[in-house]
Structures are given as structure tokens and as C-alpha cells.
Amino acid sequence: MTHFKKVRKGIKATFSPAERLFLSDVLPLLAEVGQEADDPAASRLHVPVYLDNPEANDEWWRLMGKELDEARREDRGVFRQVVTADDGIVLDHDQANAFLRVLNEGRLVLGARMGVEVESDHDALSEHARQVLDYLGWVLEELTQVL
């Protein structure tokens, strides 16, 4: 089953009820990022912009962090629309990219919390954990190909 199809007005996204239920867990997962002091997911989503200049990095985050947070909230609103659409939803290009970003954030958060740093870490995960990450990766790949 393909989840995305180009149509005249954009990209139609369609998921089964079970998939929509599964994907709906991404939003609460992202909402809790950083609530624990040692959450590895927080650093995965809050990456340094200037690797060799901590002061410039702190300044960038001070100036741009709120704008990034707002953009992420808007993206998550699009994601919510997709996972609550019983009969699918047609997304324009920007909305499809928003869905892609949220899905990728969810995958990054799960990977960070599972300790995935390199490919061999993925191979060492339990079968269930690999299936979760692989499903999210499959959906990301499908949408990327359509975009």
C-alpha cells in the first residue's frame, strides 16, 4: 500500500485506521521532549548551528529558537490533520513538507531514546523497536519520493 499519491491539487495522504492510531502517538512523544533533564531526544532536536563557536550558537538559538518552535507547532497541526482524516487528506507542497518534518522529528526522537547513533545500533535493537523505526522510515521515503 502506498500512502501518498499525486493528485491535481497536491498530494493525497491516506492511512489505515491502525496506522493513523500509531502515527497519532508521534505528537505526544514530541510534546514531552526535554521534560526530563537528561533526555537524549532534546539534544537531537536542538542541534548546534555553529559547532566551533558556542557563543554564536547560543545567540542563534536565542534569536531563532522561538521562531523554530512556532514553525514546529504549525507543522504538528498539519500532522494532526493527516492522522485524524478518516478518508485521507490532500496536502499542498508546504503541508506535505510539514508532515515530513514532523515524521522525521518523531523518528529522530525515538532513535535518540533507543540509543541509535550509528547503523549498527539499529541492528542491535529488539525486533519491535526496529519495526517501529523502519515503518517511520518507510513512510518518510514514500513521501520523499512523491515530493
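Here's what I pulled together on the structure shown here. Sequence order as written defines the numbering, with residues in each chain counted from 1. Totals for whole chains, interfaces and linings use all residues, but because this is a predicted model, local features are given only for residues with pLDDT of at least 70 and pairs of side-chain atoms are given and counted only at 80 or more. As a rule here, side-chain values cover all heavy atoms of the structure and leave hydrogens and water aside.

**Brief notes about the sheet that holds strand S1 (residues 4-7)**
Think of a sheet as strands paired side by side through backbone hydrogen bonds, with each pair either parallel or antiparallel.
Piece 1. Ordered in space as S1-S2-S3, the 3 strands form an open sheet in which the pairing is antiparallel. Two strands in the sheet have a free side with no partner beyond their single neighbour: S1 and strand S3 (89-91). Strand after strand, the sheet turns through a mean of 35° between neighbouring axes, direction not considered.
Piece 2. One ladder, built from 3 bridges, connects strand S2 (residues 10-13) with S3; its direction is antiparallel. Residue Ile-11 lies in a different strand from S3, and its bridge partner there is Leu-91. Think of it this way: DSSP has to see at least two bridges between two strands before they count as a pair. Secondary structure elements are taken from DSSP: a helix is a run of H or I of four residues or more, a strand is a run of E of two residues or more, and numbering for both begins at the N terminus. Here, axes are lines fitted to C-alpha atoms. For helices the fit covers the stretch in contact, and angles between N-to-C directions go from 0 to 180 degrees.

**Brief notes about the pattern of salt bridges**
Piece 1. The term salt bridge refers to a pairing of a side-chain nitrogen on Lys or Arg with a carboxyl oxygen on Asp or Glu at a separation within 4 Å. A full pass over the atoms with the stated rule returns 10 salt bridges.
Piece 2. Its salt-bridge partner being Glu-59, residue Arg-62 comes within 2.6 Å of it at the nearest N-O pair. Highlighted residues: Arg-62 and Glu-59, both in helix H4 (residues 54-83), separated by 3 residues, approximately one helical turn.
Piece 3. Burial classification: accessible surface area is computed with a 1.4 Å probe over protein chains only, and a residue below 20% of its type maximum counts as buried, one above 50% as exposed, and the rest as partly exposed. Overall, the relative accessible area of 34% leaves Glu-59 in the partly exposed class.
Piece 4. Arg-76 serves as the salt-bridge partner of Glu-105, at 3.1 Å between the closest nitrogen and oxygen. One end of the pair, Glu-105, is in helix H5 (residues 93-114); the other, Arg-76, is in helix H4, with 29 residues separating them in the sequence.
Piece 5. Since its relative accessible area comes to 8%, Glu-105 is described here as buried.
Piece 6. Salt bridges sharing common partners tie together Glu-32, Asp-39 and Arg-113.

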